[in-house]
Amino acid sequence: MTMKRNMIFRAALALLLPGVMMTSCKFEEDEYFSESAALRIDKTTEEIKAKLCAPTADGEYGWLMQTFVAGNDSTKFEGFNLFAKFYDNGKVLFASDHRYLRDGNANKYTESTSLYEMLQEEGPVLAFSSWNDVLTPLSDPVNPMHAPAQLIKDGVGLGGDNNFVVMGYSDDVINLVGERYRAKSRLLRCDRPWEQYIADAKATKAAISSTSMPGHYYVTNETDTLYLKNLRGGATVIGDRLEYPANYTERALVFTPTGVSFEGGIDFVISDDQTKLVSGDSLQIVAMWDQYIADRTSLWNIDDATYSDAMKTVAAQINTEIKKHNTAWSLAYIGLGRSTGSGAVKGIVITLYTNTQKTKTNTIGMEVKSERTGFGKITLSVAENPATDKNMQTVAKKAKDMPALVKNLADILAGTYDMTPDNYFMPTGATFTALDGSKTIVLK
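Please read all numbers here as calculations on a predicted model, not as lab measurements.

Scoring rules and cut-offs
- Residues numbered from 1 in each chain as written.
- Predicted model: local features only at pLDDT ≥ 70, side-chain atom pairs only at ≥ 80, totals over all residues.
- Heavy atoms only, no water.
- Buried < 20%, exposed > 50% of the residue type's maximum accessible area, 1.4 Å probe, protein only.
- Helix = DSSP H or I, 4+ residues; strand = E, 2+ residues; numbered from the N terminus.
- Pairing = 2+ DSSP bridges.
- Contact = heavy atoms within 4.5 Å.
- Core = buried A, V, L, I, M, F, W, Y, C linked by side-chain atoms within 4.5 Å.
- Expected span 1.5 Å × (residues − 1).
- Arc of directions from axis to C-beta.

Draft legend 1. Representation of the pairing of strand 9 (residues 216-220) in the model. In terms of burial, strand 9 is a largely internal element, four of the five residues being buried. With five bridges connecting them, strand 9 and strand 10 (residues 225-229) associate as antiparallel partners. What sits directly across from Tyr218, in strand 10, is Tyr227. Where strand 9 hands over to strand 10, the hairpin turn is made up of four residues, of which Glu222 adopts a positive phi near 75°. Taken together, the four bridges between strand 9 and strand 16 (residues 283-287) define a ladder with antiparallel strand orientation.

Draft legend 2. Molecular detail of the environment of Ile293. Residue placement: Ile293 occurs in helix 4 (residues 289-295). Classification of Ile293 by relative accessible area gives buried; the value is 0%. In the structure, Ile293 is positioned 78 residues away from Glu371 in sequence and 9.2 Å away in space, judged by C-alpha atoms. With near-sequence residues (within four places) excluded, Ile293 lies in contact with Trp300, Met419, Pro421, Pro427, Ala430 and Phe432.

Draft legend 3. Seen up close, the nonpolar core. Ile318, Ile334, Ile348, Ile350, Met402 and Phe432 are the most contacted members of the largest nonpolar core, which totals 45 residues. With six residues, the top contributor of residues to this core is helix 7 (residues 402-413). Dropping the residues within four chain positions of it, Met402 is found in contact with Ile318, Glu321, Ile322, Ile364, Met392 and Val395. Residues Leu93, Tyr217, Phe268 and Leu277 belong to the second largest nonpolar core, which totals 30 residues.

Draft legend 4. Up close: helix 5 (residues 309-321). End to end, helix 5 covers 19 Å across 13 residues, agreeing with the expected 18 Å (1.5 Å per residue, within 8%). Of all the positions in helix 5, only Met311, Val314, Ala315, Ile318 and Glu321 are classed as buried. Viewed end-on, helix 5 has its buried residues packed into an arc of 125°, placing them on one side of the element. Away from the buried face of helix 5 by more than 90 degrees, exposed residues Asp309 and Thr320 are located.

Next up, the structure:
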């Protein structure tokens, strides 16, 4: 790697490796230092319990517990949003909708009450001392790939804990580390009803990730770039390249109503302009929308209001030429993507109405290469004798000038463009503006 890349990699790892709790919290009050260690721990433990049980400003919503697990040798897991309300009598109410809930409750909102206590060991420990249907499946030493149908003991499970060492606290944040597996979790004051928080976090997940896209992101400080995979799944890999990275880290996250939080308390929020996730002044997570647009095979049609004069001329000629194949056929759209039918090609796609009512369509296609040539830039190029699909070849038996006309259109579109997506996380269209200023097209 270059020196720059090493620098950003170290910077990203400093933020994202589980070495330090990032939230500023205090552990001991200054006035305790004149007292014995045992008394300091005792007072700290009492203070933490008082904070756990104290009513929130709104008196209703308790704590959000961003819970992380260590995983096992073969699998790393996402983080989990749990919700908790602590009571002075040693009881705690947990709630969540995570996928490891049992008894048919997986992915369903579930509440469960159990016991907790504050232990005084070398430091304060928050211990959950009885089974809880929400929390305990994360620490139960059974193979999570088989539970709950088969509770196969493997000694590790998800690598979660029941006991958590308190690493620091404030009025609104309590940082925790699993006593055995050392994964970092934290308690935050919850700012809304629990089921509303779940719905809002799911809405964020839907807004910034999709099962229909590769799920690749840049991690950048605007100087150099790393790559992130599997944001949607919550168990990310961040490395110096997407495939087979030489340097990488695996980091879990949870979705929040405003973005994502990584293990260790690193929060990213959606930027005001809805283009990226930001943390601090410079670190960003940006969806690889430009690579997606260049690689995509879905068909995006060019808005005819953005046809250049040259395009309008060729479009009229195509509309005339297609009638040599069938008088009922006419031009519907010009687009970029993958054609349909046998021998489909990726490139310029002409959609044709195949009846006079204009209710049925078919496509003909010619290969045009699309390549990302810089961040937010795409180059369209066409070979001297580009490949065509079977539909084009069939149409050309009667409409003999059709391949040449489509080639003319491809030549008009060829060039390098700045891209502006209609959505920076999940684009369904984009504006292409030629670098030479000669044309602008809108695809949708």
